Amino acid sequence: MLDFLSSIAWWGWVLIALALVAIRDVFFQKKHTISHNYPIVGHLRYWLESIGPEMRQYFVANNREELPFNRIERGWIYASAKKENNYEGFGTDRDIYEHQHVFINNAMMPFKLPENHPNKIDKTFLPCAKVMGEYNKRKRPYRPASIINVSAMSFGSLSAKAIESLNKGVKIADAYHNTGEGGLSPYHSNGGDVVFHFGTGYFGVRTEDGGFSMEKMIKLVNDNPFIRAIEVKLSQGAKPGKGGVLPGAKITKQIAEIRGVEVGKDVLSPPNHKAFSNVPELVDFIESIAEATGLPVGIKAAIGKLEQWEELADIMLKTDKGPDFITVDGGEGGTGAAPPSFADHVSLPWVYGFSDLYKLFKSKGLSERIVFVASGKLGFPAKAAMAFAMGADCINVAREAMMSIGCIQAQICHTNRCPTGVATQSKWLQNGIDPTLKSIRLAQYFKTFRKELIEITHAAGYEHPCQFKMSDVEVNVDDHNLSKELSKTYQYEKTAVPFISMQSLKDCEHLGGAR
Ligand SMILES: Cc1cc2nc3c(=O)[nH]c(=O)nc-3n(C[C@H](O)[C@H](O)[C@H](O)COP(=O)(O)O)c2cc1C
């Protein structure tokens, strides 16, 4: 027998293996019709389908056609993060006559920096022109020292090494780091300013029965003075109103400790908050946290219907209370995992949602009281300029920040198999990340972003992007004579932000939230 087996040539073994696969395909498997009908070759289809996205990304898709971020956008972030040449040669490769293309109106003569101007000393110095918590006289008001910051992404959706890189990076760039829903982890404590964020799961500030614990909130803020503000999540653009389950299998000892849940047991994030069930109760909840912690408190939401927002605005007018900041997330926003029906269809894209909300608050005379934070693919200087023209005061970036530390847009965050180690809990995959190097990459991306935004601002004749007006930006509707200024398209004028000079921002006692 052994003699017979050893006499079979290698190609004989290949034929035997193929014959066995063919027998299995035809007689013993019922799941795949293609493999049954086309034994052996049917497998090729599944394999080619599985590598299709990579093939298209590398070889087929043109520079401008991929979503969520095309190759030019990704390339600009990678080059900025590595401090490489991020210019393009030979002029734009975009069709600038295309529908919805954005134009920023430049001034005849750009803004001229006087001697000793803060931007002569530091070309990337660009703090927020408004102070969070100033109007409501919170004990610890906070002027973000950077207009670009890291958006909510939890430890759990991102790896420990990625969180550490982001936190060290915001420290270098003087920005803040939003924790996302997973609680405050040790990886958020590397010196950067932190905005503590929580949703309906109350992770990190959770009672045993899954409610909100004010006691834990106070302790957390007192133990971690680098927490500068608190954000209550009502919804996010990728899955507004959708609850979620954190499967027990993903709850390691460390995650359980940080989130305040049990090891190995499924945890529900319901669609609704337990701590409040209507708008007046939300306002009371915000006030009670601000009172207990002394910090500015804001809300994050994706925008759809406006009735409850109008109720909030009316309560704010009547009681002189309410959120210190509102983070408006666009429907195009990212997530670790969401059903396509939600990600594609529920809630308005940023431009539509923000303009609806801002217009509402402006009509009630409330726009000056609120710091408007904007997120939804806004991590590019020209897009940010448009957001500022519409009334945004700060930009939060999530996926752009991920890309600056190595994400390649593989779009498999939900599988725990992220090849770059950014969005996975696999120790092996995340070991490829060097947080010291990646933190510098994030900081360089943020600084390049700020420098280019300042340059665009100067080109438009201004000193700070808060001075952009709706009439400074136009959106193409096919011909210049038809293209409309933002104010005509969205039918409001932005409230002027009280800005004196960059020097006065530099001298502000609340810059960076000093205690
Ligand atoms: C991996 C990942 C995790 C996220 N986790 C949260 C979260 O915990 N809470 C939240 O409000 N938004 C979360 N988001 C949404 C982002 O904070 C942000 O609002 C959205 O992605 C839009 O910003 P971007 O276009 O710059 O990515 C997450 C996004 C990503 C990509």
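Described below are features of the structure shown in this document. (Residues numbered from 1 in each chain as written. Predicted model: local features only at pLDDT ≥ 70, side-chain atom pairs only at ≥ 80, totals over all residues. Heavy atoms only, no water.)

### A few points about the overall build of the protein chain
Here's step 1: Broken down by element type, the protein chain carries 19 helices and 13 strands.
Here's step 2: Taking the principal axes of its C-alpha atoms as reference, the protein chain extends roughly 90 × 60 × 45 Å.
Here's step 3: Within the protein chain, the fraction of its 515 residues that count as buried is 51%.
Here's step 4: Long-range pairs, those at least 24 residues apart, make up 69% of the contacts in the protein chain between residues at least 6 apart in sequence.
Here's step 5: Total accessible area computed for the protein chain in this model is approximately 24800 Å², and 57% of it derives from carbon and sulfur atoms. (Helix = DSSP H or I, 4+ residues; strand = E, 2+ residues; numbered from the N terminus. Buried < 20%, exposed > 50% of the residue type's maximum accessible area, 1.4 Å probe, protein only. Contact = heavy atoms within 4.5 Å. Areas by Shrake-Rupley, 256 points an atom, 1.4 Å probe, with all protein chains shown as cover.)

### Looking at helix 2 (residues 10-28)
Here's step 1: An ideal rise of 1.5 Å per residue puts 27 Å on 19 residues; helix 2 measures up with 26 Å between its terminal C-alpha atoms.
Here's step 2: As for helix 2, its buried residues are in contact with helix 3 (33-37) and helix 4 (41-60). (Expected span 1.5 Å × (residues − 1).)

### Points about the pairing of strand 9 (residues 325-329)
Here's step 1: Summarising burial for strand 9: five of the five residues are buried, a large majority.
Here's step 2: Going residue by residue along strand 9, you find Phe-325, Thr-327 and Asp-329 tucked away on one face and Ile-326 and Val-328 tucked away on the opposite face as well.
Here's step 3: What joins strand 8 (residues 297-302) to strand 9 is helix 11 (residues 307-319), and the crossover it makes is right-handed.
Here's step 4: Alignment of strand 9 against strand 10 (residues 371-375), held across five bridges, turns out to be parallel. Counted as the bridge partner of Thr-327 is Val-373 from strand 10. (Right-handed = clockwise from strand over helix to strand, strands pointing away. Pairing = 2+ DSSP bridges.)

### Comments concerning the site of the ligand
Here's step 1: As a matter of local geometry, the ligand sits amid 24 residues, with Ser-151, Ala-152, Lys-377, Arg-399 and Glu-400 nearest to it.
Here's step 2: Between the ligand and Ser-151, the relevant distance is 2.8 Å, taken from an oxygen atom to a side-chain nitrogen or oxygen of the residue.
Here's step 3: Contact between the ligand and Arg-399: an oxygen atom at 2.7 Å from a side-chain N or O atom of the residue.
Here's step 4: Contact with the protein chains removes 98% of the 610 Å² of surface that the ligand exposes when unbound.
Here's step 5: Broken down by element, the shell around the ligand gets its largest block of residues, three residues, from helix 15 (residues 399-404).
Here's step 6: When the residues that make up the shell around the ligand are grouped by side-chain class, the tally is six nonpolar, 11 polar and seven charged. (Near = heavy atom within 4 Å. Polar contact = N/O pair within 3.5 Å; in protein donor to acceptor, adjacent residues only side chain to side chain. Nonpolar A, V, L, I, M, F, W, Y, C, P; charged D, E, K, R; others polar.)

Nothing here speaks to function; it is geometry throughout.
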